[in-house]
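If you want the building blocks of each chain, they are given just below.
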Amino acid sequence: MLKDITLGQFFPGDTLLHRLDPRTKLILVVVYIAALFIAKSYISYAVMVAFLILSISLSNVKIGTLLKSIKPLAIIIIITALLNIFYTPGRTIVKFWIFNITWEGLRSAAFMAARIIMLIMGTFLLTYTTSPIALTDGIEILLNPLKKIKVPVHELAMMMAIALRFIPTLIEETDKIMSAQKARGADFETGNIFARAKALVPILVPLFISSFRRADELAVAMECRCYHGGEGRTRLKQLHYQKRDYFAIAFGCLVLAAVIVLRVFGL
Amino acid sequence: MSLIETRKLGHVYSQGTPLEFTALSDVDFSAEAGEFIGLIGHTGSGKSTLIQHLNGLLKPTSGEVLFQGENIYKDKQFTHQLRFHVGLVFQYPEYQLFEETVYKDISFGPKNMGLDEKEIDRRVHEAAAFVELSDEVLQASPFDLSGGQKRRAAIAGVIAMEPEVLVLDEPTAGLDPSGRESLLANIRAYRDKMNATVIMVSHSMEEIAETVDRLYVMRKGTIAMSGTPMEVFERAEELQPMGLAVPQITEVFTALRARGANVPNVYTVEQAVRAISEMKGGAASC
């Protein structure tokens, strides 16, 4: 049940998308999101879909897995689409009571839904093909210039890496505690909202305590290995841009340029 | 009819996904009233998965689990009630304590059973007595206790439901030798007083040999062997490939036999002492 959560899950592999530098992938995702919001016409959306399909086919990620990752956000997508359908003025198709469905409304709803779905699929493709460690390394290096204005980039990246690392551990722990309390007759499924909220106490208290315990143990372990923040720290795995990275970034910029041009010319 | 049994029990985790994993297949397990059963096996052999079926926490993907001859999944209410008849103590149960006082924590189970205040009070005190927790400790916060006391408090939380079947997953893991001994004695006392069935998972062959009436050996999700400790530990050469061993004293005596000494098969220190003193001519001192 809880194990089915795929948030930020990484599928190891050896495809072109896996081999790309994490910085490249991060830049590409930013470029991709920018292009998605600039795209307005059918043609530019077709360009974006083609770009997404190309990326998916270059990775080994199954389309079904990506579609599954949309499921938790389905409600948001549906609500956004519905709002667009009912609140966009234009040529009326159907009219009943206070509702007025317009041709433009349908169009913008479809576009908005497509945009959100593609946004989710694109970003999930990043986390599916990049290990959390590589991802935080990439973010840290990309944000390095911010160190000049005293932003603790390394510390933030380390916190993020630790948080990501502990998501599966905490899920497992929650599962265990839930089973243990169920074995003592705890009931999480019946009763009104207050009864259910109260039923969570036997799970949350042990979970908090074990989180603090883990944090404490981890801090001691890090200090034992002389961790003292980012200053003067070298890396085991140095990141180097390869030819494929330059090519991928150039290709991404080309797509962005194409979408901008299409927008400017109103195509 | 056995008190609790499984028939051709099978469990597959994450069925239909790339992470599919068969944890149990065709497991026939049974326990009679008052029996002390041991469950041993290498890490990942399916022991924990099996015991979570005994009180209906996990649903089998094939086969069935019967309690007093009735399928435990026949309706939701029955499964819920079953948790009070089959008490399950998880590994490191001290991590599930959550109340302000030990007393309140132990009463969590009985409260869920819907018992009245007086009965709850009686059960909490009796459960605390079984695991040798003083009245003083009952009023303390569970987080101020020592590791061993926390473990006892958590086990008392299950015992307070007075289950007919008490299932424990490595109850003595991480305790010091005297703590192990006394905890095992407490569990035995509970069984004797309530005529309860106890099912215990353990990695200590000595503990198993000294405590249980009968044991099951699991390997890769199946029952590889079962029988009395004597019957199982006689087959030492089959246990080794499963990542298991026989009690140390059994090993010593096997080695003695290999050197030509005429000694019998033993599996507890007590038996060894008796065997040696018999050989010395009946003098029961050593």
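Residues numbered from 1 in each chain as written. Chains lettered and ligands numbered in written order. Predicted model: local features only at pLDDT ≥ 70, side-chain atom pairs only at ≥ 80, totals over all residues. Heavy atoms only, no water.

1. Some remarks on the pairing of strand β4 (residues 62-67) of chain B
Looking along a regular strand, one sees side chains alternate from face to face of the sheet.
Residue and element names in this part refer to chain B.
And then number 1: Judged from the five bridges that link them, strand β1 (residues 4-13) and β4 form a sheet pairing that is antiparallel. When the sheet's bridge partners are listed, E5 is paired in β4 with L66.
And then number 2: Turn length for the β4-strand β5 (residues 70-71) hairpin, with the two strands adjacent in sequence and antiparallel, is two residues, and the turn residue Q68 shows positive phi of about 50°. (Pairing = 2+ DSSP bridges. Helix = DSSP H or I, 4+ residues; strand = E, 2+ residues; numbered from the N terminus.)

2. A look at empty space enclosed by the protein
All names here are of chain B.
And then number 1: By the definition in use, this model includes three cavities of 30 Å³ or more.
And then number 2: The space that makes up the largest cavity amounts to roughly 40 Å³.
And then number 3: Along its surface, the largest cavity is lined by R123, E126, A127, F130, I159, A160, E162, Y190 and M194.
And then number 4: Every element with two or more residues in the lining of the largest cavity is listed here: α5 (117-130) and α8 (177-194).
And then number 5: When residues of the lining of the largest cavity are assigned to their parent elements, the largest contribution, four residues, is made by α5.
And then number 6: Grouping the constituent residues of the lining of the largest cavity by class yields six nonpolar, no polar and three charged. (1 Å grid on protein atoms, 1.4 Å probe; cavity = no way out; pocket = protein on both sides within 12 Å on 5 of 7 lines; lining within 4 Å. Points joined across faces, edges and corners; volume = space filled by probe spheres on them. Nonpolar A, V, L, I, M, F, W, Y, C, P; charged D, E, K, R; others polar.)

3. Concerning the interface of chain A and chain B
And then number 1: Contacts between chain A and chain B engage 17 residues on the former and 21 residues on the latter.
And then number 2: Note on chain A versus chain B: buried area summed over both sides is about 1,700 Å², and carbon and sulfur give 62% of it.
And then number 3: Seen at the junction of chain A and chain B, the total is one salt bridge.
And then number 4: Across the pair R184(A) and D105(B) runs a salt bridge whose closest N-O atoms are separated by 3.0 Å.
And then number 5: In this assembly, chain A and chain B are joined by three residue pairs in polar contact (both at pLDDT 80 or more).
And then number 6: Elements that contribute at least two residues to the side of chain A that touches chain B include exactly α8 (153-183) and α10 (201-224) of chain A.
And then number 7: Counted by class, the side of chain A that touches chain B contains nine nonpolar, three polar and five charged residues. (Contact = heavy atoms within 4.5 Å. Buried area = accessible area lost by both parts, 1.4 Å probe. Salt bridge = Lys/Arg side-chain N within 4 Å of Asp/Glu carboxyl O. Polar contact = N/O pair within 3.5 Å; in protein donor to acceptor, adjacent residues only side chain to side chain.)

4. Structural notes on the side chain of E5(B)
And then number 1: Looking at the secondary structure, you find E5(B) in strand β1.
And then number 2: When sequence neighbours within four positions are dropped, the list of residues in contact with E5(B) reads F29(B), S30(B), E64(B), V65(B) and L66(B).

5. Let's talk about the domain arrangement of chain A
Note: interface size is frequently given as the accessible area lost on complex formation between the parts.
And then number 1: The assigned domain composition of chain A is domain 1 (2-130 + 239-264) and domain 2 (152-224).
And then number 2: The C-alpha-based centres of domain 1 of chain A and domain 2 of chain A are spaced at 32 Å. (Domains from an automatic or database assignment.)

6. Focus: the domain arrangement of chain B
All names here are of chain B.
And then number 1: Each assigned domain of chain B is listed here: domain 1 (1-74 + 164-231) and domain 2 (247-281).
And then number 2: The C-alpha-based centres of domain 1 and domain 2 are spaced at 30 Å.
And then number 3: Facing six residues of domain 1, the contacting portion of domain 2 comprises five residues.
And then number 4: Across the interface of domain 1 and domain 2, roughly 520 Å² is buried in total on both sides, 73% from carbon and sulfur atoms.
And then number 5: For domain 1, the biggest contributors to the area lost against domain 2 are E206, A209 and M230; these three give 70% of the whole.
And then number 6: Linking domain 1 to domain 2 there are zero salt bridges.
And then number 7: For the pair domain 1 and domain 2, the number of links is one residue pair in polar contact (both at pLDDT 80 or more).
And then number 8: Elements that contribute at least two residues to the side of domain 1 that touches domain 2 include exactly α9 (205-211) and α10 (229-233).
And then number 9: With four residues, α9 is the largest single contributor of residues to the side of domain 1 that touches domain 2.

7. Side note on the confidence of the model for chain B
And then number 1: Looking at chain B, the pLDDT average stands at 90 and 98% of residues meet or exceed 70.
And then number 2: Across the whole predicted complex the pTM is 0.77, and at the interface the ipTM reaches 0.87. (pLDDT = per-residue confidence, 0-100.)

8. Concerning a nonpolar patch on the surface
All names here are of chain A.
And then number 1: A surface patch of nonpolar side chains, amounting to about 800 Å² of accessible area, comprises I93, V94, F96, W97, I98, W103 and L106.
And then number 2: Listed by contribution, the elements that provide at least two residues to the nonpolar patch are β1 (92-96) and α6 (103-129).
And then number 3: No other element matches β1, which puts three residues into the nonpolar patch.
And then number 4: Considering the arrangement of structural elements, one finds I93 in strand β1. (Patch = residues over 30% accessible without salt bridge, like charges linked within 9 Å, V, L, I, M, F, W, Y side chains within 5 Å. Areas by Shrake-Rupley, 256 points an atom, 1.4 Å probe, with all protein chains shown as cover.)

9. Notes on the layout of surface pockets
Residue and element names in this part refer to chain A.
And then number 1: One number sums up the size of the second largest pocket: a volume of about 1,200 Å³.
And then number 2: Along the walls of the second largest pocket sit 44 residues, with I133, T136, D137, R233 and R235 positioned nearest its centre.
And then number 3: Among the secondary structure elements, those contributing two or more residues to the lining of the second largest pocket are α1 (16-19), α2 (22-38), α7 (132-143), α8, α10 and α11 (243-264).
And then number 4: Tallying contributions element by element places α8 first for the lining of the second largest pocket, with seven residues.
And then number 5: Per-class residue counts for the lining of the second largest pocket are 18 nonpolar, 13 polar and 13 charged.

10. Some remarks on the sheet that holds strand β10 (residues 222-227) of chain B
Residues and elements named next belong to chain B.
And then number 1: Read across the open sheet, the six strands follow the order β6-β7-β8-β3-β9-β10; overall the sheet is mixed. Two strands in the sheet have a free side with no partner beyond their single neighbour: β6 (86-89) and β10. For this sheet the average axis-to-axis angle between neighbouring strands, irrespective of direction, equals 15°.
And then number 2: Running at roughly 145° to strand β3 (residues 36-41), helix α1 (residues 47-54) makes contact with β3, β6, β7 (165-169), β8 (197-201) and β9 (214-219) of the sheet. (Axes fitted to C-alpha atoms, helices over the stretch in contact; angles between N-to-C directions.)

11. So, the nonpolar core
And then number 1: V102(B), I106(B), I159(B), L166(B), V217(B), F233(B) and L239(B) are the most contacted members of the largest nonpolar core, which totals 50 residues.
And then number 2: Broken down by element, this core gets its largest block of residues, six residues, from helix α7 (residues 147-159) of chain B.
And then number 3: Aside from chain neighbours lying at most four places away, what touches I159(B) is A127(B), F130(B), V131(B), L166(B) and Y190(B).
And then number 4: Counting 30 residues, the second largest nonpolar core, distinct from the first, contains L36(A), A113(A), Y128(A) and L256(A). (Core = buried A, V, L, I, M, F, W, Y, C linked by side-chain atoms within 4.5 Å. Buried < 20%, exposed > 50% of the residue type's maximum accessible area, 1.4 Å probe, protein only.)

12. A word on the packing of aromatic side chains
For any two aromatic rings, the description comes down to two numbers: the centre-to-centre distance and the angle of the planes.
Residues and elements named next belong to chain A.
And then number 1: Following the criterion strictly, the structure yields 12 aromatic pairs over all chains and no others.
And then number 2: On the numbers, 6.0 Å between centres and 35° between planes, the contact of Y32 with F51 is tilted. Here F51 lies in helix α3 (residues 42-58) and Y32 lies in helix α2, a separation of 19 residues in the sequence. Of the two residues, Y32 and F51, both sit in the buried class.
And then number 3: Between F124 and Y128 the ring centres are 5.6 Å apart and the planes differ by 55°, which places this aromatic pair in the tilted class. Of this pair, F124 and Y128 both sit in helix α6, four residues apart, which is roughly one turn of that helix.
And then number 4: With relative accessibility at 15%, the residue F124 sits in the buried group.
And then number 5: Residue Y128 is classed as buried on the basis of its relative accessible area of 0%.
And then number 6: By way of ring pairs, the aromatic residues F11, F124 and Y128 are connected into one cluster.
And then number 7: For the cation-ring pair, R107 lies above Y42, with the distance from its terminal atom to the ring centre recorded as 5.1 Å.
And then number 8: One cation-aromatic arrangement involves R107 over F111; the distance from NZ or CZ to the ring centre is 4.8 Å. (Phe/Tyr/Trp six-rings, centres within 6.5 Å; stacked < 30°, edge-to-face > 60°. Lys NZ or Arg CZ within 6 Å of the ring centre and 35° of its normal.)

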